[in-house]
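These are the residues of each chain, in order.
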Amino acid sequence: MGSMQDIAGVPARDPTVRCGDWLFTSRVHGIHPEDDVPGDAEAEASQNFENLAALLVINGFAPSEMVQITIFGSDDSYFEIARQAYQRVFSGVNPRPAAVCLVSPLAPKFKISAEMIAVKGAANMPPAFAEIYIDAGASAAPAGAAAASAAVKAGRSPRRTF
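Reading the values: the criteria
Residue positions are given per chain, counted from 1 along the sequence in the order it is written. Local features in this predicted model are restricted to residues of pLDDT 70 or higher, and side-chain atom pairs are both shown and tallied only at a pLDDT of 80 or more, whereas totals for entire chains, interfaces and linings draw on every residue. Side-chain numbers come from the whole structure's heavy atoms, not from hydrogens or water. Starting at the N terminus, helices and strands are each numbered in turn, a helix being any DSSP run of H or I of at least four residues and a strand any DSSP run of E of at least two. Partly exposed describes any residue whose relative accessible area lies between the buried limit of under 20% and the exposed limit of over 50%, with all areas from a 1.4 Å probe on protein chains only and scaled to the type maximum. Contact criterion: two residues are considered in contact whenever any of their non-hydrogen atoms come within 4.5 Å of each other. Here the accessible surface of atoms and residues is derived via Shrake-Rupley with a 1.4 Å probe, and residues count as covered only by protein chains that are part of the display. Each Phe, Tyr or Trp ring, with Trp reduced to its six-membered ring, pairs with another whose centre is within 6.5 Å; inter-plane angles below 30 degrees give stacked pairs, above 60 give edge-to-face pairs, and intermediate values give tilted ones. We count a charge as sitting over a ring when the NZ of a lysine or the CZ of an arginine lies within 6 Å of the ring centre and within 35 degrees of the ring normal. Each residue carries a pLDDT score, the predictor's own confidence in it, on a scale running from 0 to 100. Throughout this description, the term salt bridge denotes a Lys or Arg side-chain nitrogen within 4 Å of a carboxyl oxygen of Asp or Glu. Among buried residues, those of type Ala, Val, Leu, Ile, Met, Phe, Trp, Tyr and Cys that are joined through side-chain atoms within 4.5 Å constitute a nonpolar core.

Asks: Go over the overall build of the protein chain with me, naming the residues and quoting the values.
Replies: Looking only at helices and strands, one finds three helices and seven strands in the protein chain. Residues counted as buried form 41% of the 162 residues belonging to the protein chain. Partitioning the intrachain contacts of the protein chain with sequence separation of at least 6 by distance along the chain shows that 69% fall at a separation of at least 24. A total accessible area of about 8,000 Å² is found for the protein chain, and carbon and sulfur atoms account for 56% of it.

So, in structure tokens, the structure goes:
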């Protein structure tokens, strides 16, 4: 049976469940414990990843043990903002988790949301797969996404990270 552990002051909309060596979050938001949701997308994205980082630490995990992250944006224009915020908050973290970016309806006050999976000891495991863009032609897809998608279709595993 898992146990729940959340950030003090952040509403329970951001549940975290730990099951042994596995940590799961569901729709973590960029809510600040004192200020609610920041007004702009950059601050919201940064707070979102700060909250993910806090959940890792609270539960005894290192950022390098995050194996998968899903970024939800109310619009695909927020993915580049989220990518930059992720790189600021998790600067120097290796290996990078597999990442998925999805356009998804969010409550009106949110632009970005994220969830992750972390596994104890994952930092020492070789990566088995990497980021896959379903729509490689989307404006938020980074350079090389089309080649990565072609590699996946051909049965190869591209090395792309968020």
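Asks: Please set out the packing of aromatic side chains residue by residue, giving values where relevant.
Replies: Tallying each qualifying case throughout the model produces four aromatic pairs. Aromatic pair Phe49 and Phe90: ring centres 6.5 Å apart, planes at 75°, arrangement edge-to-face. With Phe49 in helix H1 (residues 41-58) and Phe90 in the loop between helix H2 (79-89) and strand E6 (98-103), this pair connects stretches of sequence that are 41 residues apart. Summarising the burial analysis for this pair, Phe49 and Phe90 share the class buried. Aromatic side chains Tyr86 and Phe90 sit 4.9 Å apart centroid to centroid with 35° between the ring planes, which places their arrangement in the tilted category. One aromatic cluster is present, formed by Phe49, Tyr86 and Phe90 through successive ring pairs. In this structure, Arg27 packs its charged tip against the face of Phe72, placed 3.5 Å from the ring centre.

Asks: Describe in detail the confidence of the model for the protein chain, supporting the description with residues and values.
Replies: The share of residues in the protein chain with pLDDT of 70 or more is 69%, and the mean pLDDT across the chain is 77. Contacts from residues 151-161, a stretch scored under 50 in pLDDT, to residues over four places away or in other chains number 18 contacts.

Asks: Give me the lowdown on the pattern of salt bridges, citing residues and values where you can.
Replies: Oppositely charged side chains can pair when the atoms bearing their charge come close. Following the criterion strictly, the structure yields three salt bridges and no others. Between Lys120 and Glu65 there is a salt bridge, with its nearest N and O atoms 3.7 Å apart. Of this pair, Lys120 sits in the loop between strand E7 (112-119) and helix H3 (145-153) while Glu65 sits in the loop between H1 and strand E5 (66-73); the two residues are 55 residues apart in sequence, bridging distant segments of the chain. Arg83 is paired through a salt bridge with Glu80; the nearest N and O atoms lie 2.4 Å apart. One end of the pair, Arg83, and the other, Glu80, are both in helix H2, three residues apart, so they sit about a helical turn from each other. Taking relative accessible area as the criterion, Glu80 reaches 31% and is therefore assigned partly exposed.

Asks: How would you explain the nonpolar core if you had to name every residue and give the values?
Replies: Considering soluble globular proteins, one finds that nonpolar side chains tend to be buried as a cluster. Formed by 26 residues in total, the largest nonpolar core has its most connected members in Phe49, Leu52, Leu56, Ile69, Ile71 and Phe90. Those elements that provide at least two residues to this core are H1, E5, H2, E6 and E7. Element by element, the count of residues in this core is highest for H1, at seven residues. Residues Ile31, Val37, Phe72 and Phe110 belong to the second largest nonpolar core, which totals five residues.

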